[in-house]
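Per-entry structural report
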Amino acid sequence: MNKSIKKYLPVLGLLLLVFLLILSVIWLKNEKKQSEVEETVNVYTNKKSLYAGSARWLEQNLSEEDRQAMIRAFTIQEPNVHTFLQGPKSWSEGIPWSGEWCQYTVEGNPFGGFGCGLCCMANIYNTLSPYEISPLDMFEYAVSSSDYAPDGRYGAIDWKEMRNVLRECGVSCRLYRKPETYEAFQEQMKSSKSAVVLISSAEDDTYWQDTPGHYVNIWLYQEEDDTVFLAEPGNPENNRSRIPLRYIYDALKTVSRFQYLAVEGYLEEDNQWKAHGIDEHWNRP
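One structure accompanies this document, and this report is about it.

1. Some points on the overall build of the protein chain
- From N to C terminus, the protein chain includes ten helices and eight strands.
- Residue burial in the protein chain is summarised as follows: out of 285 residues, 46% are buried.
- Partitioning the intrachain contacts of the protein chain with sequence separation of at least 6 by distance along the chain shows that 68% fall at a separation of at least 24.
- As presented, the protein chain carries roughly 15,200 Å² of accessible surface, and 51% of it is formed by carbon and sulfur atoms.

Have a look at this one:
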């Protein structure tokens, strides 16, 4: 080996070492930065323990890059959607999303027989807000804050009470009758965050059978296959599945005064409840 080259080998080795150290420092900084972003995103998305004021602080103090990462993480996706089940069979079999609320009765009228609408309301409140409550919590709040008055004969919550209670919870929503065309319904579901729909097998029994009237909750319309994500409180086998939106439209119960409630969004400042925590035992997924 050339003597002049050998002379500079230690220097070259030192330079290489310094270069590698610099690369390591840069990598560690990027890893630390990424870790901080991920931690912030995780805190924000884990909204069950997040105070709303903290959410506003995060939005105001994060860099634009981190804020965009947070927004992407906070976009509603199927795993984020709550899908409570109402019945005792689901609870006894340990199926995820079932809970002790199924054992509650009103003058002998079991929650499993009338709680579908309240499960749908709890799904919406928990998915869109920073809080988490049970369907039974929603039942108790609806009784105390609206004209909802269940008894031994009739326990299901009616449309106007559903709308009024959700609005008190910060959820902007409106009641609708079935549009004359499927295309009109389709366009509305594209722009809605969620919807509570009243279906009946008397209208169409393609998907639901022996169902005179039942509230279900739909999310995340997908234009490429014209499907929605179904929160089905009465059927654990169909719960959290994707079904054609057309099934919903065809089965809308037209003898009811309204057929569905469309959800536009959630505003923290409009939430008059801000309850958090589920006291009942339940099968968390």
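2. Describing the sheet that holds strand β7 (residues 241–244)
- One open sheet accounts for six strands, arranged β3-β8-β4-β5-β6-β7; its pairing is antiparallel. Either end of the sheet is taken by a strand with one partner, and the two such strands are β3 (169–176) and β7. When the angles between neighbouring strand axes are averaged without regard to direction, this sheet yields 40°.
- Sheet analysis places strand β4 (residues 194–199) next to strand β5 (residues 214–222), joined by six bridges and oriented antiparallel. Residue pairing for β5: Ser 194 is matched across the bridge by Trp 219.

3. Describing the packing of helix α6 (residues 116–128) against helix α8 (residues 159–168)
- One can describe the packing of α6 onto α8 by two numbers: an axis separation of 11 Å at closest approach and a directional angle of 25°. One element, α6, and the other, α8, form an angle in the roughly parallel class. In the packing of α6 onto α8, the handedness of the crossing is right-handed. In this structure, α6 contributes Gly 117, Met 121 and Ile 124 to the contact, and α8 contributes Met 162, Val 165 and Leu 166.

4. Section: the environment of Asn 126
- Its place among the elements puts Asn 126 in helix α6.
- With 46 residues separating them along the chain, Asn 126 and Asn 80 place their C-alpha atoms 9.4 Å apart.
- At 2.8 Å, the side chain of Asn 126 and the backbone oxygen of Ile 133 are in polar contact.

5. Side note on the packing of α6 against helix α7 (residues 135–145)
- Interaxial distance between α6 and α7 falls to 8 Å at its minimum, and their mutual angle equals 100°. Overall, the two elements α6 and α7 adopt an arrangement that is roughly perpendicular. Facing Leu 118, Cys 119, Met 121, Ala 122 and Tyr 125 of α6, the residues of α7 in contact are Pro 135, Met 138, Phe 139 and Ala 142.
- By residue class, the composition of the contact of α6 with α7 is nine nonpolar, no polar and no charged.

Quick notes on the rules
Residues numbered from 1 in each chain as written. Predicted model: local features only at pLDDT ≥ 70, side-chain atom pairs only at ≥ 80, totals over all residues. Heavy atoms only, no water. Helix = DSSP H or I, 4+ residues; strand = E, 2+ residues; numbered from the N terminus. Buried < 20%, exposed > 50% of the residue type's maximum accessible area, 1.4 Å probe, protein only. Contact = heavy atoms within 4.5 Å. Areas by Shrake-Rupley, 256 points an atom, 1.4 Å probe, with all protein chains shown as cover. Pairing = 2+ DSSP bridges. Axes fitted to C-alpha atoms, helices over the stretch in contact; angles between N-to-C directions. Parallel < 35°, antiparallel > 145°, perpendicular 65-115°, else oblique. Left-handed = near helix turned anticlockwise from the far one by under 90°. Polar contact = N/O pair within 3.5 Å; in protein donor to acceptor, adjacent residues only side chain to side chain. Nonpolar A, V, L, I, M, F, W, Y, C, P; charged D, E, K, R; others polar.

That's the geometry; what it means functionally is another story.
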